[in-house]
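Each chain is listed here by its residues.
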Amino acid sequence: MASLLLCSVGKQNMSGIAAQRCDAGKGGYSLEALLVDIQRGSLHDGPGVRTTFFFKGCPLRCRWCHNPESQNPVKQLSFHREKCVGCGRCETACHSNVHWLTKTGTEQFRHQVYFEHCQFCGKCLEQCPTKALKIIGTPYTEEELLKIALLDRAFYEHSGGGITLSGGEVLQQADFAASFLSLCREEDLHTCVETSGFGTTDAMEKLLQETDLLYFDWKVSTEEDAKKWIGGSLVPILNNLALADKKGVRTVLRCPIIPGVNDNTVHLQAICDLLGRYPSIEQAQLLPYHPFGISKGGNIGQLQQEFPVPGEEEKKNWLSWFEQNGKEEGKRVVLEH
């Protein structure tokens with residue numbers, strides 16, 4: 001019903017493939033994806049002003065993951081403990097024994113959440129007066145996402161922006177993503193995809209056909225480190241990076257730098273080697289570790305490992321190393337904040 005309503009109220013803003021699919025009726029709504037979040041007015045996920053769509057589900061388990069709520073490919077309950085006032089309404093509303101509140105002293109309480117019991121009925125959310133509870137994961141059709149993307153067309157045109165697909169891991173929902181990207185390109189929207197590269201070459205090829213700019217994560221540089229720190233192999237990642245270069249898709253290498261993990265010359269040299277090996281890679285962006293994922297993990301009952309936060313001197317040393325030792329062949333290595 002939501003998709004049919006979309007066609008009746010939003011078709012005037014669409015053209016080409018999108019309008020044709022609306023005319024086709026139910027046959028145009030076979031694909032649906034689960035998203036964690038949609039951020040309009042984003043300035044850090046590609047050039048210009050962008051709308052970023054965060055897909056839910058990732059096969060990797062990076063120890064420093066900044067978006068742990070995007071790992072699990074199904075809906076999840078999120079509890080923001082700092083907002084809870086201990087009213088107990090959620091406990092009364094829930095019939096699955098998810099919430100247990102106990103008194104621990106004068107006006108003190110303990111709110112225990114059994115996330116694994118949640119059936120996602122939403123009754124506890126309806127009763128929470130402080131919005132401390134949230135269901136993470138919302139299903140969308142590609143036409144519904146396109147309607148959201150088109151809301152900011154004027155900002156894209158003025159700034160050279162567009163839409164970005166992020167995650168999670170977009171390769172996990174490649175059929176949907178490719179279909180949505182094709183709609184965006186039909187509307188002359190610039191498309192960017194951020195990926196870890198961990199997926200099949202078939203999935204990667206589908207995305208590359210509809211992608212103007214690729215943000216490709218490069219996290220570790222040895223197979224041993226890949227298994228230890230990200231829970232996967234470098235083999236499919238390297239295969240997909242080579243495929244992107246073969247297809248000539250403009251690529252930016254996104255490199256999270258984690259103290260004690262990959263802030264070493266082996267990794268930095270590997271970044272240089274990739275810049276020299278693949279002509280399609282235009283630059284490398286160094287992304288200093290931040291601990292934002294720790295609180296996010298706590299909200300869904302998932303423990304996250306904490307790493308040292310790099311200081312300004314450490315960041316300068318990374319750039320200095322590239323200036324002195326890098327062989328980027330004129331390609332830029334920049335520090336993102």
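All residue numbers refer to position in the chain's written sequence, counted from 1. Note on the predicted model: pLDDT of at least 70 is required for a residue's local features to be given, and 80 or more for side-chain atom pairs to be given and counted; whole-chain, interface and lining totals, by contrast, use all residues. Note: side-chain values were computed over all heavy atoms of the structure, leaving out hydrogens and water.

(A) Broad picture of the overall build of the protein chain. A run of DSSP states H or I qualifies as a helix once it reaches four residues; a run of E qualifies as a strand once it reaches two. Both are numbered from the N-terminal end. Within the protein chain, the secondary structure is distributed over 13 helices and 13 strands. In this scheme, a residue with accessible area under 20% of its type's maximum is buried, one over 50% is exposed, and one in between is partly exposed, where area comes from a 1.4 Å probe on protein chains only. Burial analysis of the protein chain (337 residues in total) assigns 52% to the buried set. Note on areas: Shrake-Rupley with a 1.4 Å probe; residue coverage comes only from the protein chains shown. Carbon together with sulfur atoms contributes 50% to the accessible area of the protein chain, which is approximately 16,100 Å² in total.

(B) Geometry of the nonpolar core. F53, W64, I163, L165 and I271 are the most contacted members of the largest nonpolar core, which totals 69 residues. Of all the elements, helix α7 (residues 174–186) adds the most residues to this core, at eight residues. Working rule for contacts: check all heavy atoms of both residues, and any pair within 4.5 Å makes them a contact. Beyond its immediate sequence surroundings of up to four residues, I163 is in contact with R50, T51, F53, A149, Y156, F180, L181, C184, L189, H190, T191 and C192. Grouped together as the second largest cluster of nonpolar side chains are 13 residues, C90, L101, C124 and C128 included. Buried Ala, Val, Leu, Ile, Met, Phe, Trp, Tyr and Cys residues that are joined via side-chain atoms within 4.5 Å together make up what is termed a nonpolar core.

(C) Summary view of helix α12 (residues 292–299). Within α12, the full set of buried residues consists of G293, G297 and N299. The arc enclosing the buried residues of α12, seen along the axis, measures out at 155°, which places them on a common side. Check the buried side of α12 and you find it contacts β3 (76–79). Positive backbone phi, at 75°, marks G301, one or two positions downstream of α12. Along the arc lie the directions from the helix axis toward the C-beta atoms.

(D) Up close: the side chain of S196. Looking at the secondary structure, you find S196 in the loop between β9 (190–195) and α8 (201–208). One polar contact links S196 to E169, side chain to side chain, over a distance of 2.7 Å. A distance of 3.2 Å separates a polar side-chain atom of S196 from the backbone nitrogen of F198. Ignoring any residue separated from it by four or fewer positions in sequence, one finds S196 in contact with L60, E169, F216, D217, K219 and I237. Here a polar contact is taken to be a pair of N or O atoms separated by no more than 3.5 Å, where protein atoms must pair a possible hydrogen donor with a possible acceptor and residues adjacent in sequence count only if both atoms sit in side chains.

(E) Seen up close, the environment of I300. Turning to its location among the elements, I300 is positioned in the loop between α12 and α13 (312–325). The spatial distance from the C-alpha of I300 to the C-alpha of I136 is 9.2 Å, given a sequence separation of 164 residues. Leave out the neighbours within four places in its chain, and I300 touches P68, E69, Q76, L77, S78, F115 and I136.

(F) Expanded view of the sheet that holds strand β11 (residues 250–257). A pair of strands is labelled paired if DSSP reports no fewer than 2 bridges between them. The nine strands lie next to each other as β7-β1-β2-β8-β9-β10-β11-β12-β13, forming an open sheet whose pairing is mixed. Looking at strand neighbours, the two that pair on one side only are β7 (138–140) and β13 (332–335), the edges of this open sheet. Neighbour-to-neighbour, the strand axes of this sheet turn through a mean angle of 30°, independent of strand direction. Both β11 and strand β12 (residues 281–288) contribute to a ladder of seven bridges, which runs parallel. Its bridge partner being in β12, P256 is matched across the sheet by L287. Contacts between α13 and the sheet are confined to β11, β12 and β13, with β13 contributing the most and set at about 175° to the helix. Here an angle of 0 to 180 degrees is reported between the N-to-C directions of two axes, which are lines fitted to C-alpha atoms, with helices fitted over the stretch in contact.

The analysis is restricted to geometry; functional conclusions fall outside its scope.
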